[in-house]
Amino acid sequence: MIDEHNVGRRQFLVGLGAAGTTLAGCQTTQQTPHGWIDVDTPTRMGLTDAVMSVDGPFAVGESGLVLTRNGDAWEAVVSDGPTGGENPLAAVDATDDGRYLWLCGSSGVVGRYDVRGGSVTDLSAPRQKTSSWTDVAVSGRANGETVYLINSSGELLTGHWSNGRVRWRETVTKPTGGESASAVDVADGTVYVVDTGGTVVRNSGSRWTPIGIRGAEGGLTDIAAIDGNHADATADDGSIFVYNGYNWLQLHASEKTLHAVDRMGGRGLAVGNSGDIFALEENNWTKEPTDTPKTLQGCALGRDTYSDVAVGSDGTILERFG
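What you see is a predicted model, and the numbers here were worked out from it, not measured in a lab. By convention here, each chain's residues receive numbers from 1 onward along its written sequence. In keeping with the predicted nature of the model, local features appear solely for residues at pLDDT of at least 70, side-chain atom pairs appear and are counted solely at 80 or more, and the whole-chain, interface and lining totals rest on all residues. To get the side-chain values, all heavy atoms of the structure are used, and hydrogens and water are removed first.

(A) Just the sheet that holds strand β28 (residues 308-312), in detail. We call two strands paired when DSSP finds no fewer than two bridges between them. Only DSSP runs of H or I reaching four residues or more are called helices, and only runs of E reaching two or more are called strands; each is numbered from the N terminus. Here we have four strands laid out as an open sheet, ordered β2-β29-β28-β27, and antiparallel in their pairing. Taken across any chain shown, the strands that pair with only one partner, and hence form the sheet edges, are β2 (36-38) and β27 (296-300). Across the sheet, the mean angle separating the axes of adjacent strands is 25° when strand polarity is ignored. With four bridges joining them, β27 and β28 adopt antiparallel strand pairing. Its bridge partner lying in β28, alanine 300 is registered against valine 309. Throughout, an axis means a line fitted to C-alpha atoms (over the contacting stretch in the case of helices), and angles, computed between N-to-C directions, take values from 0 to 180 degrees.

(B) Molecular detail of the confidence of the model for the protein. What pLDDT conveys is the predictor's confidence in a given residue, as a value from 0 to 100. Scored by pLDDT, the protein has a mean of 89; 89% of the residues are at 70 or more. Here, two residues are considered to be in contact whenever any of their heavy atoms come within 4.5 Å of each other. Across residues 1-32 the pLDDT falls below 50, and counting only partners more than four positions away or on other chains, this stretch makes 76 contacts in the model.

(C) Structural context of the sheet that holds strand β18 (residues 209-210). The strand order across the open sheet formed by four strands is β15-β16-β17-β18, and the pairing between neighbours is antiparallel. The sheet is open, and its two edges are formed by β15 (181-187) and β18, each paired on a single side. The sheet contact formed by β15 and strand β16 (residues 190-195) spans six bridges and is antiparallel. Across the sheet, the residue bridging to alanine 181 is aspartate 195, located in β16.

Below, the structure is given as structure tokens:
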């Protein structure tokens, strides 16, 4: 049964125009600081993932917490997850139009959040699966989206939302052969799954195909799909792997674990331990200075008037406006 937990309607900042337009998190473009800024947050709970919606950034984390930036401040819009049981959330992704978010986490928790309506629909334990989901990916516009869930047992469950309900596939698959799956992403109809053993598999139809990573020494932590032949992945040995459709290029970016990566066009972000942030500009990944020693678990590239965001332990949120 579908259960809707109403968390109230939010008012959102909408930026218009060019110079002088108000940005999320600052007053005017003329007064916007450059670089990464550690901003005030309403929580000290760990934040595990971030995503950009049609109305700005969201973050999820411990105890089922969901945060968003409302005007000049971050605030909680869900405090206890889709079930009201305070199960930790591990991941979040958005429909292609940014209107709905899909959340997942421990004990089989799954939810669908209406960005503008302010309600979350509890869809937990799909196909009676109550193990912890480690990641979620969404493809398609709202009310016709397909969702992909993976867990630590290497299982992938696919569902399709239409006519106010989700239809889950009858069976789950194990794309990585049972190895613990750490991340999933989808672009242009191609689904990528990575595991903690350093393997990436890809499916653009009905068959899963291993595509590497040969020689990977670290376990893979995240993947950002760009299209059917291009993707970037992060690893726990600090590497960023770049796939060009034929092979993987390994960049030894950090000596510390990298936990998350996001890509959009020619831009990219990767984040990890000790406040490490790497940015992709003009085909080069470079380290960016931050003032935090905190572990960063998730990141999201900004859109239009919204800043780039990185989130992590102790409620840490960093924003980059320039």
